[in-house]
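Now for the letters of each chain:
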Amino acid sequence: MGNRKYIRCLYVYNKIDMVTVEEVDKLARLPNSVVISVHAGLNLDYMLAKMWEYMGLVRVYTKRKGAAPDFEGPVVLSGQRDGITVDTCTSGISKVLSHKKWTAV
């Protein structure tokens, strides 16, 4: 295969509010498929969760010692890029934090 890299694919079918329930059911049962309706707001949260799952993303929430966690700006890690490790997380924030003596898990 040489230099080819195969990645997972997620098929998203929109406008499910325009077709019959039987057709939606048939599409939803296909492998790697998600059915949504942006207009009606159907299944959007499920699609987002599936996208995170397929891309292997993980949110890491940081906090200063003695303070509450910052739930507004997580660090997003991917197993497909640099891996999901404490080293990856801390080096993504600051090169100073990549030294173990400044971090606690």
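Described in the following lines is the structure provided in the data block. (Residues numbered from 1 in each chain as written. Predicted model: local features only at pLDDT ≥ 70, side-chain atom pairs only at ≥ 80, totals over all residues. Heavy atoms only, no water.)

## A few points about the overall build of the protein chain
No. 1: Broken down by element type, the protein chain carries 3 helices and 4 strands.
No. 2: Going from N to C terminus, the protein chain has its helices and strands arranged as β-α-β-α-β-β-α.
No. 3: Counting only residues that meet the buried cut, the protein chain has 18% of its 105 residues in that class.
No. 4: Considering only contacts within the protein chain whose residues lie at least 6 apart along the sequence, 19% involve residues at least 24 apart.
No. 5: Accessible surface, the protein chain: about 8,600 Å² in total, of which carbon and sulfur atoms supply 58%. (Helix = DSSP H or I, 4+ residues; strand = E, 2+ residues; numbered from the N terminus. Buried < 20%, exposed > 50% of the residue type's maximum accessible area, 1.4 Å probe, protein only. Contact = heavy atoms within 4.5 Å. Areas by Shrake-Rupley, 256 points an atom, 1.4 Å probe, with all protein chains shown as cover.)

## Notes on helix α2 (residues 44-55)
No. 1: The terminal C-alpha atoms of α2 lie 17 Å apart, and with 12 residues this matches the ideal 16 Å at 1.5 Å per residue to within 8%.
No. 2: Turning to α2, its buried residues are M47, K50, W52 and Y54.
No. 3: Buried residues in α2 make contact with β1 (11-13), β2 (33-35), β3 (57-60) and β4 (75-78).
No. 4: Two residues or fewer after α2 comes G56, characterised by a positive phi angle close to 65°. (Expected span 1.5 Å × (residues − 1).)

## A short note on the pattern of salt bridges
No. 1: This structure, assessed with the given rule, holds 2 salt bridges.
No. 2: Measuring nitrogen to oxygen at the nearest pair gives 3.1 Å for the salt bridge that ties D25 to R29.
No. 3: Among the residues examined, R29 registers a relative accessible area of 65% and is labelled exposed. (Salt bridge = Lys/Arg side-chain N within 4 Å of Asp/Glu carboxyl O.)

## So, the packing of aromatic side chains
No. 1: Tallied over the entire structure, the rule returns 1 aromatic pair.
No. 2: Directly above the aromatic system of W52 lies the positively charged group of R59, at a separation of 3.9 Å from the ring centroid. (Phe/Tyr/Trp six-rings, centres within 6.5 Å; stacked < 30°, edge-to-face > 60°. Lys NZ or Arg CZ within 6 Å of the ring centre and 35° of its normal.)

## Some words on the side chain of S33
No. 1: You can see S33 is positioned in strand β2.
No. 2: Its relative accessible area of 12% is what places S33 among the buried residues.
No. 3: At 3.5 Å, the side chain of S33 and the backbone oxygen of L30 are in polar contact.
No. 4: Engagement of the side chain of S33 in a polar contact is seen with the backbone oxygen of P31, the distance being 3.2 Å. (Polar contact = N/O pair within 3.5 Å; in protein donor to acceptor, adjacent residues only side chain to side chain.)

## Description of a nonpolar patch on the surface
No. 1: A cluster of nonpolar side chains, contributed by L48, M51 and M55, occupies part of the molecular surface with about 240 Å² of accessible area.
No. 2: For L48, a relative accessible area of 43% corresponds to the partly exposed category. (Patch = residues over 30% accessible without salt bridge, like charges linked within 9 Å, V, L, I, M, F, W, Y side chains within 5 Å.)

These figures capture arrangement, not role.
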